[in-house]
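# Tertiary structure, described
As a plain string of letters, each chain reads:
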Amino acid sequence: MSSPDPRWSILWRGPLASCNYACPYCPFAKTRDDRAALADDARRLGRFVDWVAGRAERIGVLFTPWGEALGHRAYQEAMIRLSHLPNVWKVAAQTNLSASLPWLARANPATTALWATYHPGETTLARFLRQCATAQAAGVPFSVGIVGRREVFDDIERLRDALDPAIYVWINAWKREADYYTADEVARLERIDPHFRLNLHPQPTRGGLCLGGHTTFTVDGAGDVRRCHFLGGVLGNIYEAGFEAALRPRACPAATCGCHIGYVHYEPLRLHEVFGDGVLERIPAAWPASALPAREGALSSVA
Ligand code: SF4
Ligand code: SF4
């Protein structure tokens, strides 16, 4: 069993729910945030950042918005400020990487990271790669991933071939259709993402210890604390004194956990050992892999 990380990892999700993309497989109900809604989200975000700055614990933050956050100045400034705080060990964000990125150069590259998802159909590979190059030039580490539907297998391989091998490419398995992949397809995708099999099926988790509710937890725009994004039940509120008394080792009550941001903290899987300090942005500690298996016809670059 891996030992619990003494640091906190907080997944923050405010009310912001709008996105500049319209992916047909998007799991979130996309809404339009008007100016007042964005201002309200920014106010809640600012309060959260102030709270982090006032804590003594070492804190990692992963922004997991319902939509796309990094196009908004409030999130850019929040990441910059958090990245320079002495008690912040990591600040990362899930993003479609579409936003203009010059602000990244003002963030501390030692503590900033991105979890970037490529959405073919919403952008071109060339544009996405340019954004990756900008993040790389800023020295900010990031993982790149994609939803592994059959119609994008070729796109996945083009992406892998065009990216620096030092960048980890993950593939989220399409789980809405049972037994979606053939064995050959699994083998094909594992040649891109050696950890693909991990998310091929929801992980059975009931009764096993999970760091969710112990050293990692979610915080919403009101400051309410939950174990993870998948379990209800408010444990407390970060803006109330002593909320941390509710954090302790706990067994997972759910039959399964189907999302990487959850089961990466499920202790029996020992994934903190696999991802190490890259656990929030999904970069394996041992990446770049010494040798990804060669694929026939692999391209050296994509225009
Ligand atoms: S980029 Fe993400 S949030 Fe936006 S539509 Fe696509 S899947 Fe949904
Ligand atoms: S295993 Fe998943 S559902 Fe269970 S507590 Fe952990 S993150 Fe939540």
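Residues numbered from 1 in each chain as written. Chains lettered and ligands numbered in written order. Predicted model: local features only at pLDDT ≥ 70, side-chain atom pairs only at ≥ 80, totals over all residues. Heavy atoms only, no water.

### Let's talk about the side chain of Thr95
Relative to the helices and strands, Thr95 resides in strand E3 (residues 88-95). Looking at Thr95, the relative accessible area reads 4%, which means it is buried. Within the local environment of Thr95, its side chain forms a polar contact with the side chain of Glu68, the two groups lying 2.7 Å apart. With sequence-adjacent residues up to four places away left out, Thr95 is seen in contact with Glu68, Leu70, Leu114, Trp115, Ala116 and Thr117. (Helix = DSSP H or I, 4+ residues; strand = E, 2+ residues; numbered from the N terminus. Buried < 20%, exposed > 50% of the residue type's maximum accessible area, 1.4 Å probe, protein only. Polar contact = N/O pair within 3.5 Å; in protein donor to acceptor, adjacent residues only side chain to side chain. Contact = heavy atoms within 4.5 Å.)

### Examining the packing of helix H3 (residues 125-137) against helix H4 (residues 153-162)
Where H3 contacts H4, the two axes come as close as 11 Å, and the packing angle between them is 35 degrees. Considering only the axes of H3 and H4, their crossing is right-handed. Side by side, H3 and H4 meet where Leu125, Phe128 and Leu129 of the first sit next to Arg158, Leu159 and Ala162 of the second. Classifying every residue of the contact of H3 with H4 gives five nonpolar, no polar and one charged. (Axes fitted to C-alpha atoms, helices over the stretch in contact; angles between N-to-C directions. Left-handed = near helix turned anticlockwise from the far one by under 90°. Nonpolar A, V, L, I, M, F, W, Y, C, P; charged D, E, K, R; others polar.)

### Digging into the site of ligand 2
Surveying the vicinity of ligand 2 reveals the residues Thr205, Cys210, Arg227, Cys228, Leu231, Cys252, Cys257, Gly262 and Tyr266. Classifying every residue of the shell around ligand 2 by side-chain character gives six nonpolar, two polar and one charged. (Near = heavy atom within 4 Å.)

### Structural notes on the site of ligand 1
In the vicinity of ligand 1, the residues found are Cys19, Tyr21, Cys23, Cys26, Lys30, Trp66, Gly67, Asn96 and His119. Among the detected pockets, ligand 1 sits in the largest pocket. (1 Å grid on protein atoms, 1.4 Å probe; cavity = no way out; pocket = protein on both sides within 12 Å on 5 of 7 lines; lining within 4 Å. Sits in = over half its atoms within 2 Å of the grid points.)

### Some details on the confidence of the model for the chain
The predicted model of the chain averages 93 in pLDDT, with 93% of residues at 70 or higher. Ignoring residues within four places in sequence, the model shows residues 299-303, a span with pLDDT below 50, making nine contacts including any to other chains. (pLDDT = per-residue confidence, 0-100.)

### Structural notes on helix H2 (residues 73-84)
Because an α-helix completes one turn every 3.6 residues, residues spaced three or four positions apart along the sequence face the same direction. Taking 1.5 Å of rise per residue, the twelve residues of H2 would be expected to cover 16 Å, and the 17 Å separating its terminal C-alpha atoms lies within 8% of that figure. Every buried residue of H2 is accounted for by Tyr75, Gln76, Ala78, Met79, Ile80, Leu82 and Ser83. Lining the buried residues of H2 we find strand E1 (8-13), helix H1 (35-53), strand E2 (59-63), E3 and strand E4 (112-117). (Expected span 1.5 Å × (residues − 1).)

### Overview of the packing of H4 against helix H5 (residues 183-190)
Axes are the key here: two packed helices are described by the angle between their axes and the distance separating the axes. In contact at an axis separation of 11 Å, H4 and H5 are set at 20 degrees when each is read in the N-to-C sense. On the basis of the axis angle, H4 is roughly parallel to H5. Here H4 runs over H5; the crossing is left-handed. Residues Phe153, Asp154, Ile156 and Glu157 of H4 pack against Glu185, Arg188 and Leu189 of H5. Partitioning the contact of H4 with H5 into residue classes produces three nonpolar, no polar and four charged. (Parallel < 35°, antiparallel > 145°, perpendicular 65-115°, else oblique.)

### Brief notes about the pattern of salt bridges
When their charged atoms lie close together, side chains carrying opposite charge are able to pair. Applying the stated rule across the entire model yields 16 salt bridges. With its nearest N and O atoms 3.3 Å apart, the salt bridge here joins Arg158 to Asp155. Taken as a pair, Arg158 and Asp155 lie in helix H4 at a separation of three residues, close to a single helical turn. On the basis of relative accessibility, which here comes to 36%, the residue Arg158 falls in the partly exposed class. One salt bridge connects Glu157 with Arg188, and the closest N-O pair in it is separated by 2.8 Å. Separated by 31 residues along the polypeptide, Glu157 in helix H4 and Arg188 in helix H5 bring together distant segments of the chain. The class of Arg188 is partly exposed, set by a relative accessible area of 24%. (Salt bridge = Lys/Arg side-chain N within 4 Å of Asp/Glu carboxyl O.)

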